[in-house]
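Letter by letter, the chains look like this.
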Amino acid sequence: MGKIEGIKIQNYGVLKNITLGKTRTEQNAKALGNLVAIIGPSGNGKSTFADALGFIADCLEMGVESACDANNRGGFEKIISQGAKEPILFELYYRETSTARPITYELEIDLDKTGRPYVKRERLRQRVKSYGWPRSFMYLQEGVGYAFEGTEKDDTGQNDDGSVIGKKVDVQLSDIRRLGIVTLGAMKQYNRIEKFLNFLRSWYLCYFSPDTARKLQAAAPQEHLDRIGSNINNVAQYMYRENKKDFEKVLKEIQTKLPGIKKIEPQKFENGQMMLKFYEQGFEKPFYSQRMSDGTLKLFAYYLLLHEKNARQLVFIEEPENGLYHHYLSDLAEEMKKNVGNSFAKQLFVTTHSPFFVNALGPDDVWVLTKEVDGFSTIKRASEFAFVKELAEEGVPVGDMWYSKYFENENVEE
């Protein structure tokens, strides 16, 4: 369990300095909700924001140098903001439960003396009890620093004045291009680091591709959808194996949300492989997933993702409207809001160009990216715009405000 209540990004492409939600230094701000939708014209940074989260995930798996080159990023010099003299910085403000003390993770990435990307600074902090300044329970500067053993209940860490509570262990990493939380999180004595690392590794960034979803995969049950959705039938096979009745119940629920589909049935072959049969209205014989339309496959993948039994804690979907009829989007947005609820079990981030999708959301769910005259983007919650409250009370949905260009060149309440 757990979710991000605030994010700060500095010097990552057009995101020179943006903050969403509540952070260690922005304690009066409202925390991010369970559904966060980011809107704005093309070129304003939506894809960059999505890539920033993907970059963090890649840093976990392959180290910062390889992450800079992965996914066509083109290296550190291509992803750092033009003209930036300071390192790329990420700050995540995380809370495991509603009663847990928040944790702040800070990560700085820069070039070393040889011109190669490395982890310049990395820190984990946690507030003392429910008040006061947080203590650092992991701090690494260029791979050298300390970490505190124990769990959250032990209330350990180092204060800014240098005073220490708990068992402090000196740390020196052998590879400054790997994240310290990956190395230390593999050790049981660093329980808090391990739990936070598991949260980061639970992220799922969705780039669903209908073409890859049509390919026949090997007969191997898989618990979760991969990033491009190529293993839809493998996930169906897993769900069928784990609990056939629950899976059939999920299919019945999903089929009511797919236009033109009257029934979905699993078919198991002799080799153990699972295929899904879609019965379309007007046709007597079913179609397999390889013959379904792009839109139907995308909708099915999204709804299957929302019904995962062991859900990933953070899911990011970029532009779910691509390839979908606009009337389906409000239903999808409503289902997403219902699915994430108000607990700490799941959080969903979405970037979108669709006012139809946004119309199903509230002003607190929506963040507006705006490119300034200097070429860098700023971001504000829709509810912070002066006109939104008045128009919302009149029944005007946020998507219609956006479509009507109300958010362009408007002053934001201080």
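Above: the structure in question.
If you're wondering where the values come from, they're calculated on a predicted model, not measured in any experiment.

Draft legend 1. A look at the overall build of the protein. A tally of helices and strands in the protein yields 13 helices and 19 strands. Computed over C-alpha atoms, the radius of gyration of the protein comes to 23 Å, within 12% of the 22 Å expected from 2.2 N^0.38 for 414 residues, which places it in the range of a compact globule. Considering only C-alpha atoms, the protein reaches an extent of 75 × 55 × 45 Å along its principal axes. A burial count over the protein gives 54% of its 414 residues as buried. For the protein, the proportion of contacts with a sequence separation of at least 24, taken over those separated by at least 6, is 58%. Surface exposure of the protein reaches about 19,200 Å², of which carbon and sulfur atoms provide 46%.

Draft legend 2. Broad picture of helix H1 (residues 46–62). An ideal rise of 1.5 Å per residue puts 24 Å on 17 residues; H1 measures up with 24 Å between its terminal C-alpha atoms. Most of H1 is tucked away: 12 of the 17 residues are buried. Residues Lys46, Phe49, Ala50, Ala52, Leu53, Gly54, Phe55, Ile56, Ala57, Asp58, Cys59 and Leu60 constitute the buried set of H1. At the exit of H1 stands Gly63, carrying a positive phi of roughly 90°.

Draft legend 3. The arrangement of the environment of Val182 in detail. Within the secondary structure, Val182 is located in helix H4 (residues 180–184). Through-space distance from the C-alpha of Val182 to that of Asn198 is 9.6 Å; in sequence the pair is 16 residues apart. When near neighbours in sequence (up to four residues on either side) are disregarded, Val182 contacts Leu60, Leu197 and Arg201.

Draft legend 4. View of the sheet that holds strand S19 (residues 377–381). Sheet architecture is open: six strands sit in the order S12-S16-S17-S3-S18-S19, paired in mixed fashion. Across the chains shown, the open sheet's two edge strands, defined by having one partner strand only, are strand S12 (204–206) and S19. Each strand axis lies, on average, 20° off the axis of its neighbour in the sheet, ignoring direction. Against the sheet, helix H10 (residues 329–340) makes contact with strand S3 (35–39), strand S16 (314–318) and strand S17 (347–351), and its axis sits at roughly 145° relative to S3, the strand it touches most.

Draft legend 5. Expanded view of the pairing of strand S4 (residues 88–95). S4 sits mainly inside the fold: eight of its eight residues count as buried. Two strands pair when backbone bridges link them, and strand S1 (residues 3–12) and S4 are joined in this way by seven bridges, in the antiparallel orientation. Bridge pairing in S4 places Ile9 opposite Phe90. Two strands pair when backbone bridges link them, and S4 and strand S5 (residues 103–111) are joined in this way by seven bridges, in the antiparallel orientation. Of the residues in S5, the one forming a bridge with Glu91 is Glu106.

Draft legend 6. Up close: the packing of helix H7 (residues 232–242) against helix H8 (residues 244–255). Where H7 contacts H8, the two axes come as close as 5 Å, and the packing angle between them is 130°. By the angle between their axes, H7 is oblique relative to H8. Contacts between H7 and H8 involve Ala236, Met239, Tyr240 and Glu242 from the former and Lys244, Phe247 and Val250 from the latter. When grouped by side-chain class, the residues that make up the contact of H7 with H8 number five nonpolar, no polar and two charged.

Draft legend 7. Quick peek at the packing of aromatic side chains. According to the stated counting rule, one finds 21 aromatic pairs in the structure shown. A centroid spacing of 6.1 Å and a plane angle of 35° characterise the contact between Tyr139 and Tyr146, whose relative ring orientation is tilted. Take Tyr139 and Tyr146: they sit in the same class, and that class is buried. For the pair Phe387 and Tyr406, a centre-to-centre distance of 5.5 Å together with 35° between the ring planes defines the contact as tilted. Taken together, the positions of Phe387 in helix H12 (residues 386–393) and Tyr406 in the segment after helix H13 (398–403) put the pair 19 residues apart, joining distant regions of the chain.

Draft legend 8. Structural detail: the nonpolar core. If you look at the biggest cluster of nonpolar residues, it comprises 63 residues, and the most contacted ones within it are Phe49, Phe90, Leu179 and Ile181. Considering every element that reaches this core, the biggest residue donor is H1, with nine residues. For Phe90, the contacting residues outside a window of four places in its chain are Lys8, Ile9, Tyr12, Ala52, Phe55, Ile56, Tyr105, Glu106, Leu107 and Ile109. Formed by 59 residues, the second largest nonpolar core is a distinct cluster that contains Leu306, Ala333, Ala382 and Phe385.

Draft legend 9. The pattern of salt bridges, seen in detail. Taken as a whole and judged by the stated rule, the model has 23 salt bridges. Glu149 is paired through a salt bridge with Lys167; the nearest N and O atoms lie 3.6 Å apart. A residue pair is termed long-range when its members are at least 10 positions apart, and Glu149 in the loop between strand S8 (144–148) and strand S9 (157–158) and Lys167 in the loop between strand S10 (164–165) and strand S11 (168–172) qualify at 18 residues. Using a relative accessible area of 21% as the deciding quantity, one classes Glu149 as partly exposed. Two residues, Glu265 and Lys277, come together in a salt bridge whose shortest N-O distance is 3.8 Å. Here Glu265, found in strand S13 (residues 261–268), pairs with Lys277, found in strand S14 (residues 274–280); they are 12 residues apart in sequence, far enough to count as distant. Residue Lys277 is classed as buried on the basis of its relative accessible area of 14%.

Draft legend 10. Representation of the sheet that holds strand S15 (residues 287–288) in the model. Sheet architecture is open: three strands sit in the order S13-S14-S15, paired in antiparallel fashion. Looking at which strands have only one partner, the edges of the open sheet turn out to be S13 and S15. Set on the sheet, H7 makes contact with S13 and S14; between it and S14 the angle comes to about 100°.

Draft legend 11. Representation of unusual backbone geometry in the model. A positive phi angle is found at Glu142, which is not glycine, with a value near 55°. Following the sequence through the fold, Glu142 ends up in the loop between strand S7 (134–141) and S8. We classify Glu142 as partly exposed; its relative accessible area is 42%. Of note in the backbone geometry, Lys405 takes a positive phi value of approximately 65° without being a glycine. Within the fold, Lys405 resides in the segment after H13.

Cut-offs and rules
- Residues numbered from 1 in each chain as written.
- Predicted model: local features only at pLDDT ≥ 70, side-chain atom pairs only at ≥ 80, totals over all residues.
- Heavy atoms only, no water.
- Helix = DSSP H or I, 4+ residues; strand = E, 2+ residues; numbered from the N terminus.
- Rg over C-alpha atoms; globule rule 2.2 N^0.38 Å.
- Buried < 20%, exposed > 50% of the residue type's maximum accessible area, 1.4 Å probe, protein only.
- Contact = heavy atoms within 4.5 Å.
- Areas by Shrake-Rupley, 256 points an atom, 1.4 Å probe, with all protein chains shown as cover.
- Expected span 1.5 Å × (residues − 1).
- Pairing = 2+ DSSP bridges.
- Axes fitted to C-alpha atoms, helices over the stretch in contact; angles between N-to-C directions.
- Parallel < 35°, antiparallel > 145°, perpendicular 65-115°, else oblique.
- Nonpolar A, V, L, I, M, F, W, Y, C, P; charged D, E, K, R; others polar.
- Phe/Tyr/Trp six-rings, centres within 6.5 Å; stacked < 30°, edge-to-face > 60°.
- Core = buried A, V, L, I, M, F, W, Y, C linked by side-chain atoms within 4.5 Å.
- Salt bridge = Lys/Arg side-chain N within 4 Å of Asp/Glu carboxyl O.

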